[in-house]
Amino acid sequence: MTRSDLVEELAARFAQLTHRDAELAVKTVLDAMSDALVKGHRIEIRGFGSFSINRRPPRVGRNPRSGESVQIPEKRVPHFKPGKALREAVDSGTASQSSGAAKD
């Protein structure tokens, strides 16, 4: 699902929202989440999951063309951990689809 799909879904589900309002709502939520992660905060959405920042330490890598060693600096990367409800929903969805495919 893309951002525009999310806007379409929101506008379709709530008739009182115009497409522009739905787009603004999605942008506002995503911007707030991005800002929180940039500041190092953790985001928890009950029943869905949590977003946090993981630290990747500096390391030595290799340039694939020349084979020479390259220093790779420390990075902070976003990390998503799905909640129990989401894990179970995804698991039950794939289990019913895979068992249905096995019968065919």
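Model, not experiment: these values are computed from the prediction. (Residues numbered from 1 in each chain as written. Predicted model: local features only at pLDDT ≥ 70, side-chain atom pairs only at ≥ 80, totals over all residues. Heavy atoms only, no water.)

(A) Looking closely at the pattern of salt bridges. Counted according to the given criterion, the structure contains 5 salt bridges. Note that E9 is salt-bridged to R13, the shortest N-O span being 3.1 Å. Placement of both E9 and R13 in helix 1 (residues 3-13) is noted, with a separation of 4 residues, approximately one turn of the helix. Here E9 falls in the partly exposed class, since its relative accessible area comes to 36%. Taking the shortest distance from any N to any O, the salt bridge between R55 and E74 comes out at 2.2 Å. Highlighted residues: R55 in strand 2 (residues 49-56) and E74 in the loop between strand 4 (69-72) and strand 5 (75-82), separated in sequence by 19 residues. (Salt bridge = Lys/Arg side-chain N within 4 Å of Asp/Glu carboxyl O. Helix = DSSP H or I, 4+ residues; strand = E, 2+ residues; numbered from the N terminus. Buried < 20%, exposed > 50% of the residue type's maximum accessible area, 1.4 Å probe, protein only.)

(B) Structural view of the nonpolar core. Membership of the largest hydrophobic core is limited to 5 residues, which are M33, A36, L37, I43 and F51. Per-element tally for this core: the top contributor is helix 2 (residues 19-38), with 3 residues. (Core = buried A, V, L, I, M, F, W, Y, C linked by side-chain atoms within 4.5 Å.)

(C) Highlighting helix 2. For helix 2, with 20 residues, the first-to-last C-alpha span of 28 Å sits near the 28 Å given by 1.5 Å per residue. Burial in helix 2 covers these residues: A22, V26, M33, A36 and L37. Down the axis of helix 2, the buried set is contained in an arc of 110°. They therefore lie on one face. Exposed positions of helix 2 whose direction lies more than 90 degrees from the buried face are R20, L24 and V38. Looking at the buried side of helix 2, the elements it contacts are helix 1, strand 1 (43-45), strand 2 and strand 5. Just past helix 2, the residue G40 takes up positive phi, approximately 90°. (Expected span 1.5 Å × (residues − 1). Arc of directions from axis to C-beta. Contact = heavy atoms within 4.5 Å.)

(D) The packing of aromatic side chains, seen in detail. This model, assessed by the stated rule, comprises 2 aromatic pairs. Considering the side-chain rings of F48 and F80, the 5.4 Å spacing of their centres and the 45° angle between planes classify their relative orientation as tilted. Taken together, the positions of F48 in the loop between strand 1 and strand 2 and F80 in strand 5 put the pair 32 residues apart, joining distant regions of the chain. The partly exposed category is assigned to F48, whose relative accessible area is 37%. Of the residues examined, F80 reaches a relative accessible area of 30% and is grouped as partly exposed. For the ring pair F51 and F80, a centre distance of 4.8 Å and an interplane angle of 45° mean the geometry is tilted. In this pair, F51 is assigned in strand 2 and F80 in strand 5, connecting sequence segments 29 residues apart. One aromatic cluster in this structure is built from F48, F51 and F80. (Phe/Tyr/Trp six-rings, centres within 6.5 Å; stacked < 30°, edge-to-face > 60°.)

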